[in-house]
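Summary of structural features
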Amino acid sequence: MSVQAIAWSPSGAVHIIDQRALPEAQIERDLESGEAVADAIRTLQVRGAPLIGIAAAMGLVAGTRELRGAPRDAFLARIDQVARLLGATRPTAVNLRWALARMVRAAAQTPETWGASAIWERLQAEATAIWEEDRAMCRRIGEAGLPLVPTGTKVLTHCNAGALATGGIGTALAPIYLAHDAGRQVDVFVDETRPVLQGARLTAWELWRAGIPCTVIADGAAGSLMRQARVDLVIVGADRIAANGDFANKIGTYSLAVLARHHGVPFYCAAPSSTIDAALADGDGIPIEERGPDELKTFAGRAVAPPAVTALNPAFDITPARYVTGFLTDRGLEHPPFTDGVRP
Ligand code: MRU
């Protein structure tokens, strides 16, 4: 059983695992307001493209709950306000904007006669649908990737594109979960994924928890392992895929793709269709989040670089489509161009 990263709490709050504390502690929180959910997304308590879309949709519900007695227009204005707050938290993953646009549209399209309380219930149903659809899409991604993972496969992955990043069994990890469930022997090399260590802290934790053999490696070790023919396959997730197949994912993905091509290792990108931004012609239009220098200059509260030195910390990079063997989506194994993706 994979871990469940998000849920409704009985009080209607957004229940999350605070991913900053993993793997040392499994701390769970109830987020009661739009501001609390925005803060959780910004500070990586919840992260991963599909999960931040789901969390934002649920946060819009939590953040408008108190206004259920308001006049319709005031309620719709509050929805816009909370959606803007949530949408400003992280720029790269299109799932965030996509989910919020879908929520705002669902509210705006309710009959004029509906009051705030009925609209709020409509929002709650829409957020639950976004979550449930993501869970189903993860499974279909896993089914699309399952033929790539016969028994004995050694897979390398980067960052965390697993259950902790989605509403279901993940994207890049979905074929691995299904292969394991089918009784196949799969070994996973997990890039530690500096600077925030989503690989070492999160991917290794959820695979270990599921009983799937995995080995954490330093990011710089991937090329050497490929040269020694110890990697059969690379599968990574995505934060946004442009129409031509260029895609953004965690910093370091591009280097992996180039290494995989050099060594003849198949390189797949796994993502739900909510990650496709067909309005963007290519990867040059994808906004790349730049995070603070302290993520690089400090480690577990200790300085690991001279405090006075500058640090450059882009959280994502763009992998050109030509390096991608194929895209595993909820529609199957696909190749660009993508013409019918999501328009936020
Ligand atoms: O900064 P993060 O942890 O949100 O980055 C996450 C990634 O880059 C994932 O690979 C991507 O969102 C896909 S998650 C299914």
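A quick note: this is a predicted structure, and the numbers were derived from the prediction, not measured. The written sequence of each chain sets the order in which its residues are numbered from 1. Per-residue local features of the predicted model are confined to residues with pLDDT of at least 70, and side-chain atom pairs are confined, for both listing and counting, to 80 or more; whole-chain, interface and lining totals are unaffected and use all residues. The side-chain numbers reported here are obtained from all heavy atoms of the structure, hydrogens and water having been left aside.

**Details of the pattern of salt bridges**
Let me state the cut-off plainly: In what follows, salt bridge is the name for a side-chain nitrogen of Lys or Arg lying within 4 Å of a carboxyl oxygen of Asp or Glu. Helix numbering and strand numbering both begin at the N terminus, where a helix is a DSSP run of H or I of at least 4 residues and a strand a DSSP run of E of at least 2. Per-residue accessibility, obtained with a 1.4 Å probe over protein chains only, is compared with the maximum for each type, and a residue is labelled buried under 20%, exposed over 50%, and partly exposed between these values.
As enumerated under the stated definition, the model contains 13 salt bridges in all. One salt bridge connects E133 with R102, and the closest N-O pair in it is separated by 2.8 Å. With E133 in helix α5 (residues 116–145) and R102 in helix α4 (residues 94–108), this pair connects stretches of sequence that are 31 residues apart. On the accessibility criterion, E133 (35% relative accessible area) is partly exposed. The class for R102 is buried, based on a relative accessible area of 14%. With a closest N to O distance of 3.1 Å, E334 and R331 form a salt bridge.

**Re the packing of helix α1 (residues 34–42) against helix α3 (residues 72–87)**
To characterise two packed helices, one gives the angle between the axes of the helices and the distance between these axes. In plain terms, the rule: Interaxial angle, 0 to 180 degrees, is taken between N-to-C directions of lines fitted to C-alpha atoms, where a helix line uses only the stretch in contact. Our angle categories are set so that under 35 degrees counts as roughly parallel, over 145 as roughly antiparallel, 65 to 115 as roughly perpendicular, and the remainder as oblique. The crossing is said to be left-handed when, going from far helix to near helix, the turn is anticlockwise and less than a right angle, and right-handed when the turn is clockwise. Residues are treated as being in contact if the distance between any of their heavy atoms lies within 4.5 Å. Residues are grouped as follows: Ala, Val, Leu, Ile, Met, Phe, Trp, Tyr, Cys and Pro are nonpolar; Asp, Glu, Lys and Arg are charged; all remaining types, including Gly, are polar.
At their nearest, the axes of α1 and α3 sit 9 Å apart, and the two run at 15 degrees to each other. Comparing the axis directions of α1 and α3 gives the class roughly parallel. Note on packing geometry: the crossing formed by α1 with α3 is right-handed. Where α1 abuts α3, its residues G34, E35, V37, A38 and I41 lie against R78, V82, L85 and L86. Here the contact of α1 with α3 is composed, by residue class, of 6 nonpolar, 1 polar and 2 charged.

**Considering the nonpolar core**
Rule in force here: Nonpolar core, defined: a set of buried Ala, Val, Leu, Ile, Met, Phe, Trp, Tyr and Cys residues in which side-chain atoms within 4.5 Å join the residues together.
Counting 41 residues, the largest nonpolar core has I6, V14, I41, L60, L86 and M103 as the members making the most contacts within it. The element contributing the most residues to this core is helix α2 (residues 49–62), with 11 residues. The contacts of L86, once residues within four sequence positions are left out, are G34, V37, A38, I41, A56, G59, L60, L96 and L100.

**Examining the domain arrangement of the protein chain**
Note on interface size: it is often stated as the accessible area lost on association of the parts. The condition that has to hold: Where each domain begins and ends follows an automated or database-derived domain assignment. Summed over both partners, buried area is the accessible surface (1.4 Å probe) that two parts give up on being assembled. Polar contact criterion, stated in full: a pair of N or O atoms within 3.5 Å, where within protein one must be able to donate a hydrogen and the other to accept it, and residues adjacent in sequence count only if both atoms are side-chain atoms.
Here the protein chain is partitioned into domain 1 (6–139) and domain 2 (147–334). Each of domain 1 and domain 2 has a C-alpha centre, and these two points are 26 Å apart. Every contact between the two is made by 28 residues of domain 1 and, on the other side, 35 residues of domain 2. Roughly 2,600 Å² is buried in total at the junction of domain 1 and domain 2, and carbon and sulfur atoms are behind 57% of that figure. When residues of domain 1 are sorted by the area they lose upon contact with domain 2, R47, T92 and M137 head the list and together hold 24% of the total. Between domain 1 and domain 2 we count 1 salt bridge in total. The salt bridge partner of R90 is E289, with a shortest N-O separation of 2.9 Å. If you look at where domain 1 meets domain 2, you find 16 residue pairs in polar contact (both at pLDDT 80 or more). If you list the elements that add at least two residues to the side of domain 1 that touches domain 2, you get α2, α4 and α5.

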